[in-house]
Amino acid sequence: MRLHHFLPFLKKSKFGAVRRILSRFGPSWLSAPVRRVVQAACFLTFLVLFFYVCWPYTARPVEHVEGWPSHYADELARKEQLAAESFLIIDPLVSLSTVIASRAWVWSLVSAGAILLICVVIPRGFCGYLCPLGTLIDLFDWSIGSRVKRFRVSDDGWWVHIKYYLLLTTLVAACCGVLVSGFVAAIPVLTRGMLFAISPWQTGLLRGWHLVPPLHAGHALSLVLFATVLGLGFLKPRFWCRYVCPSGAVFSLGNLFRVTERKVESSCIHCNKCVEICPFDAIKPDFLTRTTDCTLCQTCGGVCPTQAIKFVDRWELVDLKLPNEPPTHETSLGRRGFLAAGVGIASGVMGGLGLSGVAKVSGGNLADPQAWRPIRPPGSVPEAQFLQMCIRCGECFKACPNDVLHSLGLQQGLDGLWTPHVVADWAGCEASCNACGQVCPTGAIRALPLFEKQVCRIGLAELNLQTCLPYAGREACQLCVDECHHAGYHAIEFTRVGTEVDSSGQPIEDSGFLAPVVLPDKCVGCGLCQTRCYGINVAAKGLLDSSAIVIRAGGNQEDRLMSGSYVELRQAEQAARAANQTSPTNQNEESYLPDFLQK
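These figures come from a predicted structure and were not determined experimentally. Every residue gets a number counted from 1 within its own chain, in the order that chain's sequence is written. The model is predicted, so local features are restricted to residues of pLDDT at least 70 and side-chain atom pairs to those at 80 or more, both for listing and for counting; the totals for chains, interfaces and linings are taken over all residues. For side-chain calculations, the full set of non-hydrogen atoms in the structure is used, while hydrogens and water are omitted.

## What to know about the overall build of the chain
To keep it simple, the criterion reads: Note on conventions: DSSP H or I runs of at least 4 residues are helices, E runs of at least 2 residues are strands, and numbering of each starts at the N terminus. Between buried and exposed lies partly exposed: a residue is buried under 20% and exposed over 50% of the maximum accessible area for its type, with that area taken using a 1.4 Å probe on protein chains only. Per-residue and other accessible areas were derived by the Shrake-Rupley procedure at a 1.4 Å probe size, with only the shown protein chains allowed to occlude residues.
From N to C terminus, the chain includes 28 helices and 8 strands. Expressed as a percentage of its 599 residues, the buried residues of the chain come to 51%. A total of about 28,000 Å² of accessible surface is found on the chain, and carbon and sulfur atoms cover 61% of it.

## Brief notes about the side chain of S95
Heads up, the condition is: Contact between two residues is taken to exist if any of their heavy atoms lie within 4.5 Å; hydrogens are not considered.
Relative to the assigned elements, S95 resides in helix α6 (residues 92-102). Taking the relative accessible area as the measure of exposure, S95 reaches 1% and is therefore buried. Beyond its immediate stretch of four places on either side in the chain, S95 contacts V106, S108, L109 and A112.

## Regarding the pattern of salt bridges
Going by this rule: Here a salt bridge means any side-chain nitrogen of Lys or Arg lying within 4 Å of a carboxyl oxygen belonging to Asp or Glu.
Tallied over the full model, the rule gives 20 salt bridges. Between D138 and R238 there is a salt bridge; the shortest N-O distance is 2.9 Å. One end of the pair, D138, is in helix α9 (residues 132-143); the other, R238, is in the loop between α14 (217-231) and α15 (239-244), with 100 residues separating them in the sequence. Of the two residues, D138 and R238, both sit in the buried class. D559 is the salt-bridge partner of R457, the closest N and O atoms lying 3.1 Å from each other. Remark: D559 occurs in the loop between β8 (549-552) and α27 (566-581) and R457 occurs in the loop between α24 (450-453) and β5 (460-463); sequence separation between them is 102 residues. The pair formed by R457 and D559 is uniform in burial state, with each residue classed as buried.

## Observations concerning the packing of aromatic side chains
Where we set the bar: In this scheme Phe, Tyr and Trp rings, the latter by its six-membered ring, pair at centre separations within 6.5 Å, and the angle between planes marks the pair as stacked below 30 degrees, edge-to-face above 60, and tilted otherwise. Here, over-ring charges are defined by two tests on the NZ atom of lysine or the CZ atom of arginine: distance to the ring centre within 6 Å, and angle to the ring normal within 35 degrees.
Inspection of every chain in the model, using the stated rule, returns 10 aromatic pairs. Consider the rings of W55 and Y57, whose centres lie 4.8 Å apart with planes at 75 degrees: the pair is edge-to-face. The residues W55 and Y57 share a single accessibility class, namely buried. The ring of Y57 carries the charged tip of R207 above its face, separated from the ring centre by 3.6 Å. When the ring centre of F386 is taken as origin, the NZ or CZ atom of R560, which lies over that ring, is 5.8 Å away.

## Here we look at empty space enclosed by the protein
Leftover empty space is mapped by rolling, across the atoms, a probe with the size of a water molecule. Spelled out, the test is: For cavity detection a 1 Å grid was placed over the protein atoms alone, and a set of points counts as a cavity when a 1.4 Å probe fits there but cannot get out; an open set counts as a pocket when protein lies on both sides within 12 Å along at least five of seven lines, with lining residues being those that have an atom within 4 Å of a point. Grid points are joined across faces, edges and corners, and a volume is the space filled by probe spheres set on the points. Each residue gets one of three labels, nonpolar for Ala, Val, Leu, Ile, Met, Phe, Trp, Tyr, Cys and Pro, charged for Asp, Glu, Lys and Arg, and polar for the others, Gly among them.
A complete count under the given rule lists 13 cavities of 30 Å³ or more for this structure. Taken as a whole, the largest cavity encloses approximately 280 Å³ of empty space. Considering the residues around the largest cavity, the lining is formed by 20 residues, among which L195, S199, P213, F397 and D403 are closest to the centre. Those elements that provide at least two residues to the lining of the largest cavity are α12 (186-197), α13 (199-207), α21 (395-399) and β3 (405-407). Residues of the lining of the largest cavity, tallied by class, amount to 13 nonpolar, 5 polar and 2 charged.

## A closer look at the state of the cysteines
Think of a disulfide as a covalent bridge from one cysteine sulfur atom to another cysteine sulfur atom. Just so we agree on the cut-off: Count a disulfide wherever a pair of cysteine sulfur atoms falls within 2.5 Å.
Summed over the entire model, instances satisfying the criterion amount to 0 disulfides. Free of any disulfide, C175 has its nearest cysteine sulfur in C176, 6.7 Å distant.

## Here's the deal with the layout of surface pockets
Put simply, the second largest pocket is a space of about 580 Å³. Taken together, 25 residues line the second largest pocket, and the ones lying closest to its centre are N402, E430, E483, H486 and L528. Of all the secondary-structure elements, those providing two or more residues to the lining of the second largest pocket are α4 (71-79), α25 (479-487) and α26 (528-540). The element best represented in the lining of the second largest pocket is α26, accounting for 5 residues. Within the lining of the second largest pocket, the residues separate by chemical class into 11 nonpolar, 9 polar and 5 charged.

## Side note on unusual backbone geometry
The omega angle of the peptide bond from E325 to P326 is 0 degrees, so this bond is cis rather than trans. Following the sequence through the fold, P326 ends up in the loop between β2 (309-313) and α19 (334-361). The phi dihedral of L296 falls on the positive side, at around 55 degrees, and the residue is not glycine. Relative to the assigned elements, L296 resides in the loop between α17 (273-277) and α18 (299-303). One non-glycine residue with positive phi stands out, namely N402, at about 65 degrees. N402 gets classed as partly exposed once you look at its relative accessible area, which sits at 24%.

## What to know about helix α7 (residues 109-121)
Here is the rule we go by: Expected helix span is given by 1.5 Å per residue-to-residue step, counting one fewer step than there are residues. Think of the arc as the fan of directions from the helix axis to the C-beta atoms.
Taking 1.5 Å per residue, 13 residues should reach 18 Å; α7 reaches 19 Å between its end C-alpha atoms and fits that length. Within α7 the residues assigned to the buried category are S111, A112, I115 and C119. In a view along the axis of α7, the buried residues occupy a sector of 100 degrees, so they form one face of it. Away from its buried face by more than 90 degrees, α7 exposes V110 and L117.

## Comments concerning the environment of P326
Among the residues examined, P326 registers a relative accessible area of 31% and is labelled partly exposed. C-alpha of P326 to C-alpha of P285: the two residues are 41 residues apart in sequence and 7.5 Å apart in space. Setting aside residues up to four positions removed in sequence, P326 forms contacts with H270, P285, D286, F287 and K321.

## What about α9?
When the terminal C-alpha atoms of α9 are compared, their 17 Å separation across 12 residues agrees well with the 16 Å that a helix rising 1.5 Å per residue should span. Of all the 12 residues making up α9, 9 are buried; the element is thus mostly covered by neighbouring parts of the structure. Those residues of α9 that sit buried are P132, L133, G134, T135, L136, I137, D138, F140 and D141. Against α3 (33-53), α5 (86-89), α8 (125-130), α12, α14 and α15 lie the buried residues of α9.

## Quick look at the side chain of D141
With respect to the helices and strands, the residue D141 is situated in helix α9. Aside from chain neighbours lying at most four places away, what touches D141 is S146, G233, P237 and R238.

## So, the nonpolar core
Heads up, the rule is: For this analysis, a nonpolar core means a set of buried residues of the types Ala, Val, Leu, Ile, Met, Phe, Trp, Tyr and Cys, connected via side-chain atoms within 4.5 Å.
Judged by nonpolar contacts, the single largest core of 122 residues is most densely connected at F126, L133, W240, Y489, I492 and I549. Leave out the neighbours within four places in its chain, and I492 touches C480, V481, C484, H485, P516, V517, V518, C529 and I549.

## Focus: a nonpolar patch on the surface
Inclusion rule: Candidate patch residues must exceed 30% relative accessible area and have no salt bridge, after which like charges are joined if within 9 Å and Val, Leu, Ile, Met, Phe, Trp or Tyr side chains if within 5 Å.
Where nonpolar side chains cluster on the molecular surface, the patch consists of W201, L205, L206 and W209 and spans about 510 Å² of accessible area. Among the structural elements, L205 can be located in helix α13.

## Here's the deal with the confidence of the model for the chain
Note the threshold: As a per-residue measure, pLDDT reflects the predictor's confidence and takes values from 0 up to 100.
Overall, the prediction assigns the chain a mean pLDDT of 87, with 89% of residues at 70 or greater. Throughout residues 587-599 the model reports pLDDT below 50, and contacts reaching past four residues in sequence, or to other chains, amount to 20 contacts.

See the structure below:
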């Protein structure tokens with residue numbers, strides 16, 4: 001079995017024109033153009049998925065007379081010929097760590113398993129061909145990193161096995177119920193970096209800078225992490241991919257089950273060209289292969305002047321070069337190597353335990369029912385499981401129209417950092433959109449059909465009777481009522497307050513103000529009412545310091561289901577209310593009015 005797709009060594013006399021064209025793109029294009037074309041195609045596909053498919057503003061709002069609007073959901077379905085989260089679901093560390101942390105099935109584990117099976121035939125092929133972060137690192141190294149040589153490090157140092165210890169740290173933390181893979185897994189690092197570094201420019205240039213959400217310390221931390229990943233290229237080209245990436249470590253361990261590998265024949269002339277061009281430090285000083293590091297990119301095969309390098313099945317042993325010629329001076333593990341490995345493993349375990357401890361100590365205090373709770377996107381699983389399943393990739397932020405979802409800072413400590421929450425002062429959740437669940441790669445936000453999402457309660461609107469303009473007797477206002485009715489929920493109705501009476505004690509008709517009343521059975525906590533009150537009464541007119549109607553989450557103010565139907569839940573609640581209202585003791589109750597209005 002041969003898997004050759006590199007470009008054989010071309011003599012200048014016969015193929016000078018081809019060599020000149022390919023060499024303009026760099027030596028790796030000249031030696032392995034197929035690999036470079038696949039890389040470029042995958043990187044462009046990633047950019048299209050992230051910046052076009054997840055960009056919600058190609059949808060055109062439609063006026064709806066009957067039924068619910070669906071333009072955002074329809075537009076995403078139209079554009080999603082390939083799932084927007086495709087690259088996230090084939091990063092095996094994403095689903096593997098999520099399964100361990102949450103002790104629950106994650107659908108993307110199937111995709112991760114499929115890519116690992118493919119990599120049995122093309123060892124670490126994800127890293128060599130598919131990973132868009134690797135391609136971006138290549139671009140950085142070519143354009144910037146290669147111009148700065150002063151920080152270069154050797155090929156042999158304590159850093160060469162960091163990826164395995166980082167993988168161990170991630171998995172130990174996951175075993176303790178804390179998900180930290182979103183900090184270090186390849187594709188989440190890339191998507192979040194693109195979200196915070198590039199997406200604000202897309203929003204600002206195409207829609208207006210006033211629509212760019214404010215940044216906070218969490219954004220800065222993510223940008224520093226992203227810059228560090230790229231900046232490691234100053235130490236050595238593709239330093240992240242070679243030595244640090246824990247997603248790559250998963251594939252390296254998968255290489256132990258490979259059925260193909262790089263072989264070197266006895267015709268090798270020790271020219272060292274393969275060592276110089278290898279992007280993954282996968283070639284030993286004797287020109288044989290470090291099999292756990294090789295990605296079968298075949299770049300080395302394209303520069304070999306004697307065509308001594310072949311990519312064949314693992315068990316082919318015909319006419320191979322002898323090992324340790326020239327001598328590599330590499331020795332067996334030995335006492336010093338054993339101690340170094342022991343220290344690394346111990347550091348990985350202690351790091352995982354330490355991170356899980358910090359996350360739990362500084363976390364959301366889920367045991368306290370009075371503690372602050374963020375408003376999670378519709379379809380979010382229960383909070384404890386949500387923190388164990390959210391990979392912090394940022395896909396839901398990108399797909400959310402009007403940036404309803406913001407990145408959480410340190411309000412829930414390390415455990416909640418970069419997770420999504422609704423900021424209703426900024427915008428409300430659109431009734432026609434279910435994008436966040438559709439693009440979530442781990443099921444932390446369930447992929448709900450639109451009719452399920454529209455009845456999923458993420459919070460409950462609460463009125464501040466001291467500041468609401470009609471209740472305070474200041475002026476008439478019906479902003480929240482109009483917004484709720486326009487959205488189709490009809491969860492806020494009017495009641496008359498401040499009614500004056502005449503000398504005989506009879507109420508004067510049309511005196512006082514019409515004031516809003518929230519119907520808890522209909523409110524889903526979309527936040528559109530809060531957005532409207534804040535935008536007009538606070539930001540535009542300056543009548544209030546804060547919105548008089550706000551969304552609260554936590555307890556019985558939200559529905560968080562791991563499985564099951566929200567429609568059926570609403571129907572069961574409606575049936576229970578109907579049964580309760582028909583009982584003799586409840587026939588005259590006004591169950592949706594505040595206590596002071598029932599007196």
